[in-house]
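Read off the chains here:
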Amino acid sequence: MREALRRLQALDIVTVRQGSGSYVGEMSMQPLVETLVLRAALDEINGAQSLHAIIDTRQALDLGIAVPLTRAMKGTTNPHLWELVEAMTEYAHSGSTYLEQDIAFHSGLLAYVENELMHQLVAAMWLVHQSVTPQLAAASRQEMEDTAEAHAAILRACEAGDLEAYTAAVEAHYAPLLAIIEGR
């Protein structure tokens with residue numbers, strides 16, 4: 001029983017308070033995030049491969065929500081998301097990064113998909129990505145501008161309910177990052 005409780009505690013499913021008892025934990029993805037960050041850190045030789053796998057996973061998640069997302073967002077207007085896109089574009093033009101706006105944008109899209117597990121997985125992959133990205137060479141201004149434009153294309157496609165345009169925009173979103181990883 002103690003071993004089972006230890007495992008559940010390690011997975012953030014149960015919180016054990018000495019002298020008080022065991023309670024339902026937060027059930028966050030933090031143990032997954034920590035494991036993936038550690039894995040990438042220990043994989044110095046194949047660090048680029050680890051980061052590539054994380055990016056591939058993020059892209060697969062974005063493509064996996066394509067149908068429900070474009071259906072749910074068709075015909076909507078999203079001024080808050082457009083403000084984030086404008087901010088990303090301004091930051092890119094000045095050569096600055098825009099990580100906060102990027103995650104807020106993707107979280108805003110996910111608000112249209114009623115799938116809490118997907119929200120948690122995307123957030124977990126984002127945290128891993130942020131932890132591992134400092135190992136990369138900095139993105140060029142053009143790569144940051146291309147990525148900001150890809151966010152605009154994603155939002156345009158979602159509001160139009162255009163599945164093909166969404167898919168193309170998601171691929172364009174990750175292309176600059178994959179190019180950096182692959183050293184192109």
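Looking up the protein in an unreviewed UniProt entry gives the name FCD domain protein, with the organism given as Schaalia dentiphila ATCC 17982.

Moving on, we come to the overall build of the protein. Counting secondary structure elements, the protein contains nine helices and two strands. Written out in order from the N terminus, the α and β elements of the protein read α-β-β-α-α-α-α-α-α-α-α. Going through the 184 residues of the protein one by one, you find that 38% of them count as buried. Roughly 10600 Å² of accessible area belongs to the protein as shown, and the carbon and sulfur atoms make up 56% of that amount.

We now examine the environment of D102. Mapped onto the fold, D102 is located in helix α6 (residues 99-110). Between the C-alpha atoms of D102 and A148, which are 46 residues apart in sequence, the distance is 8.7 Å. When neighbours within four sequence positions are excluded, D102 is seen to be in contact with M88, W126, H151 and H173.

Let's shift gears to the environment of A165. Tracing the backbone through its elements, the reader meets A165 in helix α9 (residues 163-181). When its relative accessible area of 31% is taken as the criterion, A165 is described as partly exposed. Considered as a pair, A165 and T70 are 95 residues apart in the sequence and their alpha carbons are 9.9 Å apart.

With that settled, consider the packing of helix α8 (residues 141-160) against α9. Viewed as axis vectors pointing N to C, α8 and α9 meet at an angle of 165 degrees, and their least axial separation amounts to 8 Å. The angle between α8 and α9 falls in the class roughly antiparallel. For the element pair α8 and α9, the recorded crossing hand is left-handed. Across the interface between the two elements, E143, D146, T147, A150, H151, A153, I154, A157 and C158 from α8 touch A165, Y166, A169, V170, A172, H173, P176 and I180 from α9. Residue composition of the contact of α8 with α9, grouped by class: 12 nonpolar, three polar and two charged.

Conventions and cut-offs
Residues numbered from 1 in each chain as written. Predicted model: local features only at pLDDT ≥ 70, side-chain atom pairs only at ≥ 80, totals over all residues. Heavy atoms only, no water. Helix = DSSP H or I, 4+ residues; strand = E, 2+ residues; numbered from the N terminus. Buried < 20%, exposed > 50% of the residue type's maximum accessible area, 1.4 Å probe, protein only. Areas by Shrake-Rupley, 256 points an atom, 1.4 Å probe, with all protein chains shown as cover. Contact = heavy atoms within 4.5 Å. Axes fitted to C-alpha atoms, helices over the stretch in contact; angles between N-to-C directions. Parallel < 35°, antiparallel > 145°, perpendicular 65-115°, else oblique. Left-handed = near helix turned anticlockwise from the far one by under 90°. Nonpolar A, V, L, I, M, F, W, Y, C, P; charged D, E, K, R; others polar.

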